[in-house]
Amino acid sequence: MSAAGCIFCKIVAGEIPATVVRRGDGMLAFKDVNPQAPTHLLVIPTHHVASLNDAKDPQLLGRLLGFARDVARDAGVAERGYRVVMNTNPDGGQTVFHLHLHLLGGRPMTWPPG
Ligand code: 5GP
Ligand code: ZN
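Residues numbered from 1 in each chain as written. Chains lettered and ligands numbered in written order. Predicted model: local features only at pLDDT ≥ 70, side-chain atom pairs only at ≥ 80, totals over all residues. Heavy atoms only, no water.

A. Focus on the sheet that holds strand 5 (residues 101-105). Reading across from one edge, 1-2-3-5-4 is the order of the 5 strands in this open sheet, with antiparallel pairing throughout. Each having just a single partner strand, strand 1 (20-24) and strand 4 (82-85) make up the two edges of the open sheet. Across the sheet, the mean angle separating the axes of adjacent strands is 15° when strand polarity is ignored. Here 5 bridges tie strand 3 (residues 39-45) to strand 5, and the two strands are oriented antiparallel to one another. From the neighbouring strand, Thr39 faces strand 5, where its bridge partner is Gly105. (Pairing = 2+ DSSP bridges. Helix = DSSP H or I, 4+ residues; strand = E, 2+ residues; numbered from the N terminus. Axes fitted to C-alpha atoms, helices over the stretch in contact; angles between N-to-C directions.)

Structure (structure tokens):
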């Protein structure tokens, strides 16, 4: 089920172009249009869930994380390391309200995040 006007649902539907790196198991991984690291991928469920607060299915969250782990391996960042981030609602920095993980790698990350 897609949400009207949702950018990521449009990417799933092929209505907006994106560089897809992996698809399957109800998930999609594609390059972030405004990368913050040498590897910056977005990992999403293909059906619309607005945010972590709206994710009622713990199995979906588990599959999303496992999918991101596999994407990290295929992107070649697994051994050196990477970061997964899920921004939630305004204080979390969420700007696109379709559940997504950021997968960031290819450089050392700093802590704390901004
Ligand atoms: P958020 O701020 O919600 O955690 O992350 C949304 C991310 O989506 C941002 O990093 C932003 O660069 C990315 N983004 C927004 N619009 C598009 C788009 O049309 N295509 C792609 N590939 N990424 C997008
Ligand atoms: Zn959506």
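B. Structural context of the environment of Leu52. Looking at the secondary structure, you find Leu52 in the loop between strand 3 and helix 2 (58-75). Between the C-alpha atom of Leu52 and that of Thr88, which follows or precedes it by 36 residues, the distance is 6.4 Å. Not counting chain neighbours up to four residues away, the residues in contact with Leu52 comprise Leu61, Met86, Thr88 and Leu99. (Contact = heavy atoms within 4.5 Å.)

C. Focus on the coordination of the zinc ion (ligand 2). Coordination of the zinc ion (ligand 2) by the protein is provided by Cys6 (SG), Cys9 (SG), His48 (ND1) and His98 (ND1), with metal-donor distances spanning 2.0 to 2.3 Å. Angles of 107 to 116° at the metal separate the 4 donor atoms of the zinc ion (ligand 2), which places the site in the tetrahedral class. Donor residues for the zinc ion (ligand 2) sit on one chain with the sequence pattern C-x2-C-x38-H-x49-H. Here His48, found in the loop between strand 3 and helix 2, pairs with His98, found in the loop between helix 3 (89-92) and strand 5; they are 50 residues apart in sequence, far enough to count as distant. On the basis of relative accessibility, which here comes to 24%, the residue His48 falls in the partly exposed class. (Donors = N, O, S within 2.8 Å, 3.2 Å for Na, K, Ca; no water. Tetrahedral: all angles 85-135°; square planar, octahedral: opposite > 155°, others 65-115°. Buried < 20%, exposed > 50% of the residue type's maximum accessible area, 1.4 Å probe, protein only.)

D. View of helix 2. Taking 1.5 Å of rise per residue, the 18 residues of helix 2 would be expected to cover 26 Å, and the 26 Å separating its terminal C-alpha atoms lies within 8% of that figure. Taken together, the buried positions of helix 2 are occupied by Leu60, Leu64, Gly66, Phe67, Ala68, Asp70, Val71 and Ala72. For helix 2, the elements touching its buried residues are strand 1, strand 2 (27-31), strand 3, strand 4 and strand 5. Here helix 2 starts with a cap whose side-chain oxygen sits 2.9 Å from the backbone nitrogen of Gln59, and that cap is Asp57. Residue Gly76 follows helix 2 closely and has a positive phi angle near 80°. (Expected span 1.5 Å × (residues − 1). Polar contact = N/O pair within 3.5 Å; in protein donor to acceptor, adjacent residues only side chain to side chain.)

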